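Topology and contacts: notes
Given next are the chains, with one letter for each unit.
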Amino acid sequence: MNLNSKSAPRTACNQRQDQELRQVQFHKLPIFGNIINKSTVSRFTRTLATLTYSGVPILDALNTVKDTTGNAAMAQAINNIHNSIRSGENIAKPLRDSKICNEMVVNMVEVGEETGELDKMLTKVADNYDDEVDRAVEAMVSLIEPIMIVCLGGTVGFIVIAMFVPLIKIMQGLGAN
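Residues numbered from 1 in each chain as written. Predicted model: local features only at pLDDT ≥ 70, side-chain atom pairs only at ≥ 80, totals over all residues. Heavy atoms only, no water.

1. Some words on the overall build of the protein chain
When you go through the protein chain residue by residue, the secondary structure sums to seven helices and zero strands. The order of α-helices and β-strands along the protein chain, N terminus first, is α-α-α-α-α-α-α. Of all 177 residues assigned to the protein chain, the portion counted as buried reaches 27%. (Helix = DSSP H or I, 4+ residues; strand = E, 2+ residues; numbered from the N terminus. Buried < 20%, exposed > 50% of the residue type's maximum accessible area, 1.4 Å probe, protein only.)

And the structure:
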């Protein structure tokens, strides 16, 4: 196998594209995608709110948030926001264009930028999304719980039957003698 300098970056690029594709597919899952998306947005908004409240310059805060999101699609959106701010624009337009956040989040960010209280708005968004994630997880657990109980009951029943059938056969064999 020939590994020249041209094939190595291409492989890294392909791996990054594969990772982004998997993350996009996770976001489209019926139940889990909504939870993953909301928790990613919540993590993004809370981290950015904490950093801006602490006095970190917005460009530095965005670089830090980009590295901590753990989501390639969100990191790309944050990179677009970073470039937008560097060129003198606001946060809301590239956030809206990324389609990662819903319109409510974008509007709250826009209001926060206009009023100068971006950190408070981002905290409200994060709190709201954390509550929504908690409710969604609770609902999912309440749906999965009965299924788990039935499966556990079936497994225990199978083990009991598997243990007692040979004992019954042995007892019948001893009773026949």
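2. Some details on helix 4 (residues 72-86)
Helix length check: helix 4 (15 residues) gives 21 Å between terminal C-alpha atoms against 21 Å at 1.5 Å per residue, within 8%. Those residues of helix 4 lying buried are Ala72, Met74, Ala75, Ala77, Ile78, Ile81, His82, Ser84 and Ile85. Between a side-chain oxygen at the N-terminus of helix 4 and the backbone nitrogen of Ala73 the separation is 2.9 Å; the capping residue is Asn71. Among the residues trailing helix 4, Gly88 stands out with phi positive, at a value near 95°. (Expected span 1.5 Å × (residues − 1). Polar contact = N/O pair within 3.5 Å; in protein donor to acceptor, adjacent residues only side chain to side chain.)

3. Quick look at the packing of helix 2 (residues 32-53) against helix 3 (residues 58-68)
Where helix 2 meets helix 3, the axes come as close as 9 Å, and the angle between the chain directions of the two elements is 145°. Between helix 2 and helix 3 lies a crossing whose hand is right-handed. Facing helix 2, whose interface residues are Arg43, Phe44, Thr47, Leu48, Leu51 and Thr52, helix 3 presents Ile58, Ala61, Leu62, Thr64, Val65 and Thr68. (Axes fitted to C-alpha atoms, helices over the stretch in contact; angles between N-to-C directions. Left-handed = near helix turned anticlockwise from the far one by under 90°. Contact = heavy atoms within 4.5 Å.)

4. A closer look at the confidence of the model for the protein chain
Here the protein chain shows a mean pLDDT of 84. Residues at 70 or above account for 82%. Here helix 1 (residues 7-27) is the element of the protein chain with the lowest mean pLDDT, 57, and helix 7 (residues 118-176) is the one with the highest, 91. Here residues 1-8 scores under 50 on pLDDT; set against residues more than four positions off or in separate chains, the count is one contact. (pLDDT = per-residue confidence, 0-100.)

5. Examining the nonpolar core
Judged by nonpolar contacts, the single largest core of 27 residues is most densely connected at Phe44, Leu95 and Val105. Apart from residues lying up to four places away in sequence, Leu95 is in contact with Phe44, Ile81, Cys101, Val105, Val106 and Val109. (Core = buried A, V, L, I, M, F, W, Y, C linked by side-chain atoms within 4.5 Å.)

6. A closer look at the packing of helix 2 against helix 7
Across the interface, helix 2 lies against helix 7 with an axial gap of 8 Å and an inter-helix angle of 155°. When the interaxial angle is binned, helix 2 and helix 7 end up roughly antiparallel. Between helix 2 and helix 7 lies a crossing whose hand is left-handed. (Parallel < 35°, antiparallel > 145°, perpendicular 65-115°, else oblique.)

7. Points about the side chain of Asp119
Mapped onto the elements, Asp119 comes out in helix 7. No salt bridge is formed by the buried Asp119; its nearest oppositely charged neighbour, Lys120, is found at 6.2 Å. Once residues within four sequence positions are removed from consideration, Asp119 is found in contact with Ala49, Thr52 and Tyr53. (Lys, Arg positive; Asp, Glu negative; His and termini not counted. Salt bridge = Lys/Arg side-chain N within 4 Å of Asp/Glu carboxyl O.)

8. A word on helix 2
Here helix 2 contains 22 residues, and its C-alpha end-to-end distance of 31 Å stays within 8% of the 32 Å for a straight helix at 1.5 Å per residue. All of the buried residues in helix 2 are Gly33, Ile35, Lys38, Thr40, Val41, Ser42, Phe44, Thr45, Leu48, Ala49 and Leu51.

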